[in-house]
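Topology and contacts: notes
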Amino acid sequence: STESNEGAANGKASSLIDGDIGTYSHSTWSSSNNPVYPHWFIVDLGKVENFAQFGMIRRHNNSRGGFKTFNIETSLDKTNWKTVGKDLDFNSAVTPAAWQDYNVSMVKARYVRITMTAPMRAGTTSTHLAEFRAAGYAPIALK
């Protein structure tokens with residue numbers, strides 16, 4: 001879901017990959033029927049790449065919300081998913097906001113799905129996140 005009451009640059013999923021840690025994505029909180037956990041987002045990397053690290057940074061101006069645990073899955077076709085990280089911890093309260101990176105075994109993927117499985121604060125139904133990044137490597141030819 002997308003929260004429209006967060007301002008013009010915020011709330012939408014595209015804020016997760018706009019390169020600006022000052023903007024953020026936010027799930028719906030102002031509805032009478034807010035979606036509950038788990039929340040998820042999928043990033044299309046545009047082509048199949050080798051990846052070994054994923055990172056996220058929390059919303060810069062709110063350390064009370066956000067999520068506590070998540071799973072990372074990858075896919076070549078957006079249909080078949082492989083879990084590469086399960087029940088990982090994310091500190092949505094770290095101050096100041098800082099990148100939190102997660103190393104995984106090298107995987108080929110075009111799509112990455114992050115499933116946020118539990119809120120930082122009990123009873124919270126919404127979540128937010130400023131930015132997502134994925135890092136990989138190219139095989140090195142040895143001589």
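Here, every reference points to the structure presented above.
Residues numbered from 1 in each chain as written. Predicted model: local features only at pLDDT ≥ 70, side-chain atom pairs only at ≥ 80, totals over all residues. Heavy atoms only, no water.

Quick word on the side chain of S75
Tracing the backbone through its elements, the reader meets S75 in strand β3 (residues 67–75). In this structure S75 comes out as buried when scored by relative accessible area, which is 2%. Engagement of the side chain of S75 in a polar contact is seen with the side chain of D77, the distance being 3.0 Å. The contact partners of S75, leaving out residues within four places of it in the chain, are N80, W81, A109, R110 and Y111. (Helix = DSSP H or I, 4+ residues; strand = E, 2+ residues; numbered from the N terminus. Buried < 20%, exposed > 50% of the residue type's maximum accessible area, 1.4 Å probe, protein only. Polar contact = N/O pair within 3.5 Å; in protein donor to acceptor, adjacent residues only side chain to side chain. Contact = heavy atoms within 4.5 Å.)

Examining the environment of W40
Along the chain, W40 turns up in strand β2 (residues 39–57). Separated by 32 residues in sequence, W40 and I72 place their C-alpha atoms 9.9 Å apart. Leaving out residues up to four positions away in the same chain, W40 has contacts with R113, I114, T115 and M116.

What about the sheet that holds β3?
Spatial ordering of the open sheet is given by β4-β3-β5-β2-β7, a layout of five strands whose pairing is antiparallel. Since the sheet does not close on itself, it has two edges, and those belong to β4 (82–89) and β7 (131–136), each with one partner. On average, adjacent strands in this sheet sit at an angle of 20° to one another, irrespective of strand direction. Where β3 lies against β4, five bridges are found, and the strand directions are antiparallel. Residue pairing across strands places T74 opposite K82, the latter belonging to β4. (Pairing = 2+ DSSP bridges. Axes fitted to C-alpha atoms, helices over the stretch in contact; angles between N-to-C directions.)

Some details on the pattern of salt bridges
Per the stated rule, a full pass over the model turns up four salt bridges. A salt bridge links R113 to E73; the shortest N-O distance between them is 2.9 Å. Of this pair, R113 sits in strand β5 (residues 100–119) while E73 sits in strand β3, and the two are 40 residues apart along the sequence. The class for E73 is buried, based on a relative accessible area of 13%. (Salt bridge = Lys/Arg side-chain N within 4 Å of Asp/Glu carboxyl O.)

Some remarks on the environment of G66
Of note, G66 is situated in the loop between β2 and β3. Classification of G66 as buried rests on a relative accessible area of 1%. On a C-alpha basis, the gap between G66 and A93 in space is 8.0 Å, while along the polypeptide they are 27 residues apart. Apart from the residues lying within four places of it in its own chain, the contact partners of G66 are Y37, S92, P119, M120, T127 and H128.

Considerations on the pairing of β2
Where β2 and β5 come together, 13 bridges link them in antiparallel fashion. By the bridge assignment, G55 is partnered in β5 with D101. In terms of strand pairing, β2 meets β7 through six bridges, oriented antiparallel. Bridging across to β7, F51 finds its partner in G136.

Concerning the nonpolar core
With 18 residues, the main nonpolar core has F41, M56, F67, F70, I114 and F132 as its most contacted residues. Of all elements in the fold, only β2, β3 and β5 reach the threshold of two or more residues within this core. Residues in contact with I114, not counting those within four places in the same chain, are H39, W40, F41, M56, F70, N71, I72 and F132. (Core = buried A, V, L, I, M, F, W, Y, C linked by side-chain atoms within 4.5 Å.)

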